[in-house]
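Structural features, examined
What follows is each chain in one-letter form.
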Amino acid sequence: MINFKGKNIISMHDLSKQEIIHILKTAECMEKKKYYDLLKGKILATLFFEPSTRTKLSFHSAMKQLGGSTIGFSDAQTSSTTKGESLHDTIRMVEQYCDAIVMRHPLDGSARLAAEIASVPVINGGDGKNQHPTQTLLDLYTIKKTQGKISKLHVAILGDLKYGRTAHSLATALSLFDCKLSFISPPSLRMPRQICDELTEKNIHFTEHESVEKIIPDIDILYSTRIQRERFPDPREYEMVKNAFILDTPLFKNAKPTLKLLHPLPRVNEITTNMDATPYASYFEQAGNGIPIRKAVLALVLGAKL
Ligand code: CP
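Okay, so let's go over this structure. (Residues numbered from 1 in each chain as written. Predicted model: local features only at pLDDT ≥ 70, side-chain atom pairs only at ≥ 80, totals over all residues. Heavy atoms only, no water.)

It is worth spelling out the overall build of the protein chain at this point. Broken down by element type, the protein chain carries 10 helices and 9 strands. Projected onto the principal axes, the alpha-carbon positions of the protein chain cover approximately 55 × 45 × 40 Å. Taking all 306 residues of the protein chain together, the buried fraction comes to 55%. Taking contacts inside the protein chain between residues at least 6 apart in sequence as the whole, the part at least 24 apart equals 73%. Accessible area for the protein chain stands at about 13700 Å²; split by element, carbon and sulfur atoms hold 51% of it. In the protein chain, the 40 positive side-chain charges and the 33 negative ones have mean positions that sit 6 Å from each other. (Helix = DSSP H or I, 4+ residues; strand = E, 2+ residues; numbered from the N terminus. Buried < 20%, exposed > 50% of the residue type's maximum accessible area, 1.4 Å probe, protein only. Contact = heavy atoms within 4.5 Å. Areas by Shrake-Rupley, 256 points an atom, 1.4 Å probe, with all protein chains shown as cover. Lys, Arg positive; Asp, Glu negative; His and termini not counted. Charge placed at Lys NZ, Arg CZ, Asp CG, Glu CD.)

Written out as structure tokens, the structure reads:
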């Protein structure tokens, strides 16, 4: 019996395959039925210490669609953090005002810290370059919807694999689904050693590449990511890799007709707008899937009965 009531959603490392499938099935229910009053009287606090469009707005929308309400801030400059209040004290306050917290923060591990302090469930909306679990859940949901399955696919993750938290979360999750994994990045932005070692320990086969052209005919899911300018300690290093991958229509001439191109968004220049009208482009649909997934996560951690 899977019971998420009161659970924190911090890292894909914490979720079993069975639990992931349960969340995806709950998201399917959310698409089939409206559940207008499911979270009536519940309050979600959204604490965004870093910018966000999709994560913040889709959590707000999901909560409101289920009859709940939201409080929070989207600019830490308007919170008492600017007066010197610690994350510890902020969480000790906010937990008294709400039933669950979604937090995005620039520091790796901050979501785990918040969860250790809070008496209400904490959902990680992205902590530094570490993890972004609800993004990965909606990525998996999109893969399942577009390919009919997750297992046994060839998934290629491309771009900034060093600093991209969505890439890290997704690689961890896919290790449970018997997928073929390819990591495509400039040499300076390779998938971190820790994640590669975890995959090796689990006997998950993966390959690393510096370009996509040779392997594109075999790929089922091409997951492109933005070069994370804000995480580079030296802006000159960003300048050297910022145009490493610009995906455009000619690249796809040898692709499978069923290939789907995903991206957590926002994009900068890594996918041209020419791609938007192709049958490969699935990134806007992917962002839309943030609603059923975040409804499911909220309903589950708040112990709602469907
Ligand atoms: N994918 C994602 O996390 O987007 P935002 O930064 O806009 O929330």
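After presenting the structure, the write-up continues.
Using the criterion set out here, one finds 6 aromatic pairs in the structure. Geometrically, the ring pair formed by Y163 and F232 is tilted, given 5.0 Å between the ring centres and 55 degrees between the ring planes. Within this pair, whereas Y163 is found in the loop between β5 (154–158) and α6 (165–174), its partner F232 is found in the loop between β8 (221–224) and α8 (235–241), the two being separated by 69 residues in sequence. Of the two residues, Y163 and F232, neither departs from the other in class, the shared state being buried. (Phe/Tyr/Trp six-rings, centres within 6.5 Å; stacked < 30°, edge-to-face > 60°.)

Let us now look at the sheet that holds strand β7 (residues 206–209). In space, the 5 strands of this open sheet follow the order β7-β6-β5-β8-β9, with parallel pairing throughout. With one partner strand each, in any of the chains shown, β7 and β9 (260–262) form the two edges of the open sheet. Looking at each pair of strands side by side, their axes are set apart by 20 degrees on average, direction ignored. Sheet analysis places strand β6 (residues 180–184) next to β7, joined by 4 bridges and oriented parallel. Its bridge partner being in β7, S182 is matched across the sheet by T207. Packing of helix α7 (residues 193–201) onto the sheet brings it into contact with β6 and β7, and relative to β7 it is tilted by some 150 degrees. (Pairing = 2+ DSSP bridges. Axes fitted to C-alpha atoms, helices over the stretch in contact; angles between N-to-C directions.)

A few words now on the environment of D89. Take D89: it is sitting in helix α3 (residues 87–94). On a C-alpha basis, the gap between D89 and A114 in space is 9.9 Å, while along the polypeptide they are 25 residues apart. Here H88 takes part through its side chain, which lies 2.9 Å from a polar atom of the side chain of D89. (Polar contact = N/O pair within 3.5 Å; in protein donor to acceptor, adjacent residues only side chain to side chain.)

Right, let's get into the site of the ligand. Surrounding the ligand, one finds S52, T53, R54, T55, R104, H132, Q135, P264 and L265. In the environment of the ligand, an oxygen atom lies 2.7 Å from a nitrogen or oxygen atom belonging to the side chain of T55. When the ligand is considered free in solution it has 250 Å² of accessible area, and contact with the protein chains removes 91% of it. When the residues that make up the shell around the ligand are grouped by side-chain class, the tally is 2 nonpolar, 5 polar and 2 charged. (Near = heavy atom within 4 Å. Nonpolar A, V, L, I, M, F, W, Y, C, P; charged D, E, K, R; others polar.)

A cis geometry characterises the amide bond from L265 onward to P266, with omega recorded as 5 degrees. Considering the arrangement of structural elements, one finds P266 in the loop between β9 and α9 (283–288). Unlike most non-glycine residues, Y35 shows phi in positive territory, near 50 degrees. With respect to the helices and strands, the residue Y35 is situated in the loop between α1 (17–32) and β1 (43–48). Judged by its relative accessible area of 15%, Y35 falls in the buried class. A positive phi is found at N203, a non-glycine position, where the angle reads about 60 degrees.

Below, the discussion takes up the sheet that holds strand β2 (residues 69–73). Reading across from one edge, β2-β1-β3-β4 is the order of the 4 strands in this open sheet, with parallel pairing throughout. Each end of this open sheet is capped by a strand with a single partner; those strands are β2 and β4 (122–127). Across this sheet, the average inter-strand angle for adjacent strands is 15 degrees, counted without regard to direction. With respect to the sheet, α3 is in contact with β1 and β3 (100–105), its orientation differing from that of β3 by roughly 155 degrees.

It is worth spelling out the side chain of K56 at this point. Mapped onto the fold, K56 is located in helix α2 (residues 54–65). Setting aside anything within four residues of it in sequence, one finds K56 in contact with F48 and S74.

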